[in-house]
Amino acid sequence: MASGVQGATTEVVRQPAFRREVTLWETVGLSIAGASPTLAMAFSGPGIAVLVGRAAALSFVFAAVTVLCIGYAFMLLARKYNNAGNVYGFVGESIGSRSGFFAGWAMGLMYFVFVPGSIAASAFFVLSLVNTFGWMKGDSYLIFAIPITLLVYAGGVAFVRRSTRVLLYIEAASVCLLTVIMIIVLVKVGAGHGLNGGHLTLSIFQLPTGANIHDMVLGAVFGFIAFTGFEAAGALGEEARNPERAVPRAIGISVVTIAIFYVACIAVQSLGFGATKSGAAAFASSSGPLFYLANAYVGPVFRDIILAGAAFSAFGAALSEVIAGARLVFGMTRDAAPTSMFARLTGRTGIPARGVILVIGINLICLVILGGFLGANGFTSWQYLGTLGTLTILVGYLLVALGAARAVINGRLGVARWRGAVPILAAVAILFTFYNELIPAPAFPYNILPYIALVWLLAGLGLIVFAPGLAQRVGTGLLRDIRRAREAAAGDQDAAAAGLSSAGNPSQLGGPGAS
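Residues numbered from 1 in each chain as written. Predicted model: local features only at pLDDT ≥ 70, side-chain atom pairs only at ≥ 80, totals over all residues. Heavy atoms only, no water.

Q: Help me get a handle on the overall build of the chain, residues and values and all.
A: A count of helical and extended segments in the chain gives 18 helices and zero strands. Evaluated residue by residue, the chain yields a buried proportion of 56% over its 515 residues. Considering only contacts within the chain whose residues lie at least 6 apart along the sequence, 83% involve residues at least 24 apart. (Helix = DSSP H or I, 4+ residues; strand = E, 2+ residues; numbered from the N terminus. Buried < 20%, exposed > 50% of the residue type's maximum accessible area, 1.4 Å probe, protein only. Contact = heavy atoms within 4.5 Å.)

What follows is the structure in structure tokens.
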């Protein structure tokens, strides 16, 4: 009898539980911040314009359709499976424990490199803003990257509801700023005051002479970089209220909103520079198209406001990635190594603080290497790290799409089997994107990045092959995690139902009918 009690106590210690308190809109805030609309729109356009000229928006349409299909796969799985490990849990339950571990391992690199990439971008924007006043010209972005890192850490270890609420406010304000400049550009271009002889035209959705489908799909890789992070809401599967409804809705709201906004914003940028050869060349050569257009169509004050908004948006992206990345570390180590220090939650805030420390520590190493030893600026650092992370996140997305298709077709999700066609389309589009990204090989130094990603993925495969007990522990842990998550969700629903019942029965409230 005593041993049974002792075993139960050990189980409680080894399997800490999150607080289920995050609302739908706070969950939405994490996903939208993960995609970071202002950061994405500040950098993504020129790289695509180099490939397809005025038709940059067309590449974003391809990326948007693909990501909508991927988002639907996430929504299908989130309706049944809730795990702090996000992709790790989704794939582990729909395909198997080994695949789940591999998917989580792939996504891990994305979080490890996206955090320093986003912080580098935020520091780059702050330094650019300071430079407009004639200060600190020629200084390294690391001067601001370090204090921004400290702020991200503070947000990462804070109560998750506070952090996600702040993220929602930041992105809402940033998107409002971009919407204002988009409207101003459209009005002025329509009135005949566009740059480079530009005017309103739908030719921005047609490939110009000399561009082909390969160029369009290759340009869509920049679109995938912009979208990555939309799935962050899945990391709150054990913290969101009514997660079977809240998490799929949060992912759906986020991905649809972002898709519409991105296509519209890139289209407006193409029109703003001019849908002409000279306009496309100016767009492709711009290091900051949003800021250039804000200055050209409104003035330097509004340009500086957009710069500040972009800095906050990039900060929000880093914080979202730290929150989701720390939960991925926690979810995987809780199952694979339950006695690890990374499988614990902080008592006061109920968050995986050691996972936050790990992600932040790797972030500092990346920043020092790129900004210190290699001398890369914040913009270049974001490009390198964003491209590297996208290669591995597409592996995770591919496995989610395959897992969702499998779970739909074999009837485990309880939905019509034809719905499995959507994630299958997503998988085909991801594979097509991989092919166009890697063949022919990109120019230096981007041709090195696939090998770095491959080494990381092979390391994950090595753990699966040469640590046979790992898969068993992960499989057992996933089953336990899903069971605990369902019991917790059911408990929340029962408590809510009891509350409604009490509200309708005065005798349970000590009212007139009380005994």
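Additional details are given in the paragraphs that follow.
Q: Describe the nonpolar core, naming the residues involved and giving the relevant values.
A: Met41, Phe60, Phe74, Phe125, Tyr141, Phe227 and Tyr262 are the most contacted members of the largest nonpolar core, which totals 162 residues. Per-element accounting of this core gives the leading share, 20 residues, to helix α6 (residues 97-131). Once residues lying within four places of it in the same chain are set aside, the contact partners of Met41 are Phe60, Leu178, Phe261, Tyr262, Cys265, Ile266, Gln269, Pro289 and Leu290. (Core = buried A, V, L, I, M, F, W, Y, C linked by side-chain atoms within 4.5 Å.)

Q: Any details on the side chain of Thr433? Residues and values, ideally.
A: As for its position among the elements, Thr433 is in helix α16 (residues 421-438). Residues within four places of Thr433 in sequence aside, it is in contact with Phe62, Val217, Val221, Phe224 and Leu394.

Q: Let's hear about the packing of aromatic side chains: which residues, and what values?
A: The relation between two aromatic rings is expressed through the spacing of the ring centres and the mutual angle of the planes. Taken as a whole and judged by the stated rule, the model has 22 aromatic pairs. The interplanar angle of 35 degrees and the centroid separation of 6.3 Å between the aromatic rings of Phe124 and Phe379 together place this pair among those described as tilted. In this pair, Phe124 is assigned in helix α6 and Phe379 in helix α15 (residues 378-409), connecting sequence segments 255 residues apart. Here Tyr384 and Tyr446 contribute two aromatic rings whose centre-to-centre distance is 5.5 Å and whose plane-to-plane angle is 70 degrees, an arrangement assigned as edge-to-face. With a gap of 62 residues between them, Tyr384 in helix α15 and Tyr446 in the loop between α16 and α17 (449-466) connect regions that are remote in the sequence. Note on Tyr384: relative accessible area 24%, which makes it partly exposed. (Phe/Tyr/Trp six-rings, centres within 6.5 Å; stacked < 30°, edge-to-face > 60°.)

Q: Any chance you could break down the packing of helix α3 (residues 37-52) against helix α8 (residues 160-190) for me, citing the residues and the numbers?
A: For any two helices packed against each other, the geometry comes down to the angle between their axes and how far apart the axes lie. For the pair α3 and α8, interaxial distance at closest approach is 8 Å and the crossing angle is 40 degrees. In this view, α3 runs oblique relative to α8, as classed from their interaxial angle. Only Glu171, Ser174, Val175 and Leu178 of α8 make contact with α3, whose side of the interface consists of Pro37, Thr38 and Met41. A per-class count over the contact of α3 with α8 returns four nonpolar, two polar and one charged. (Axes fitted to C-alpha atoms, helices over the stretch in contact; angles between N-to-C directions. Parallel < 35°, antiparallel > 145°, perpendicular 65-115°, else oblique. Nonpolar A, V, L, I, M, F, W, Y, C, P; charged D, E, K, R; others polar.)

Q: Describe a nonpolar patch on the surface, naming the residues involved and giving the relevant values.
A: Residues Ile213, Phe432, Tyr435, Leu438 and Ile439 make up a contiguous nonpolar surface patch of roughly 460 Å² in combined accessible area. Counting residues per element, the nonpolar patch draws most heavily on α16, which supplies three residues. By the element assignment, Phe432 lies in helix α16. For Phe432, a relative accessible area of 36% gives the class partly exposed. (Patch = residues over 30% accessible without salt bridge, like charges linked within 9 Å, V, L, I, M, F, W, Y side chains within 5 Å. Areas by Shrake-Rupley, 256 points an atom, 1.4 Å probe, with all protein chains shown as cover. Salt bridge = Lys/Arg side-chain N within 4 Å of Asp/Glu carboxyl O.)

Q: Can you lay out the confidence of the model for the chain for me, pointing to particular residues and giving the numbers?
A: Across the chain, pLDDT averages 85, with 90% of residues at or above 70. In the model of the chain, helix α1 (residues 2-14) stands out as the element of lowest mean pLDDT, 40, in contrast to helix α7 (residues 142-156), which has the highest, 94. Predicted confidence is poor over residues 506-515, with pLDDT under 50, and the contacts of this stretch with residues over four places away or in other chains come to eight contacts. (pLDDT = per-residue confidence, 0-100.)

Q: Quick rundown of the pattern of salt bridges? Include the residues and the values.
A: Taken as a whole and judged by the stated rule, the model has five salt bridges. Put simply, Glu26 and Arg161 hold a salt bridge, and the shortest N to O gap is 3.0 Å. Note that Glu26 is positioned in helix α2 (residues 24-35) and Arg161 in helix α8, a separation of 135 residues in sequence. Between Arg327 and Glu239 there is a salt bridge, with the nearest N and O atoms lying 2.6 Å from each other. Here Arg327 is found in helix α13 (residues 300-336), whereas its partner Glu239 is found in the loop between α9 (213-227) and α10 (243-273), with 88 residues between them in sequence. Judged on exposure class, the residue Arg327 and its partner Glu239 are both buried.

Q: Now, about helix α4 (residues 56-78): what can you tell me, with residues and values included?
A: In this model α4 runs 32 Å from its N-terminal to its C-terminal C-alpha over 23 residues, within 8% of the 33 Å that 1.5 Å per residue would give. α4 sits mainly inside the fold: 18 of its 23 residues count as buried. (Expected span 1.5 Å × (residues − 1).)

Q: For the packing of α4 against helix α5 (residues 87-94), give the residues involved together with the corresponding values.
A: The N-to-C vectors of α4 and α5 enclose an angle of 70 degrees; their axes lie 10 Å apart at closest approach. As judged from the angle between their axes, α4 and α5 are roughly perpendicular. Listed contacts from α5 to Phe74, Leu77 and Ala78 of α4 are Val87, Phe90 and Ser94. The residue makeup of the contact of α4 with α5, split by class, is five nonpolar, one polar and no charged.

Q: Any chance you could break down the side chain of Ser122 for me, citing the residues and the numbers?
A: Topologically, Ser122 is positioned in helix α6. Taking relative accessible area as the criterion, Ser122 reaches 3% and is therefore assigned buried. With near-sequence residues (within four places) excluded, Ser122 lies in contact with Ile148, Ala311, Ala314 and Phe315.

Q: Outline helix α12 (residues 289-297), listing residues and values.
A: Of all the positions in α12, only Pro289, Leu290, Phe291, Leu293, Ala294 and Tyr297 are classed as buried. Here the buried face of α12 lies against α3, α6, α8, α10, α11 (277-285) and α13. Immediately beyond the C-terminal end of α12, within one or two residues, lies Gly299, with a positive phi of roughly 150 degrees.

Q: Tell me about empty space enclosed by the protein, residues and numbers included.
A: In this structure the tally under the stated criterion is two cavities of 30 Å³ or more. Size it by volume and the largest cavity reaches roughly 120 Å³. When residues of the lining of the largest cavity are assigned to their parent elements, the largest contribution, three residues, is made by α6. Among the residues making up the lining of the largest cavity, the classes are represented as eight nonpolar, six polar and one charged. As for the second largest cavity, its lining consists of Ile181, Met182, Val185, Cys265, Val268, Gln269, Leu290 and Leu293. Among the secondary structure elements, those contributing two or more residues to the lining of the second largest cavity are α8, α10 and α12. Tallied by class, residues from the lining of the second largest cavity come to seven nonpolar, one polar and no charged. (1 Å grid on protein atoms, 1.4 Å probe; cavity = no way out; pocket = protein on both sides within 12 Å on 5 of 7 lines; lining within 4 Å. Points joined across faces, edges and corners; volume = space filled by probe spheres on them.)

Q: Report on the environment of Ala311, specifying residues and quantitative values.
A: Mapped onto the elements of the fold, Ala311 is located in helix α13. A relative accessible area of 9% places Ala311 in the buried class. C-alpha separation for the pair Ala311 and Ile119, spaced 192 residues apart in sequence, amounts to 8.9 Å.

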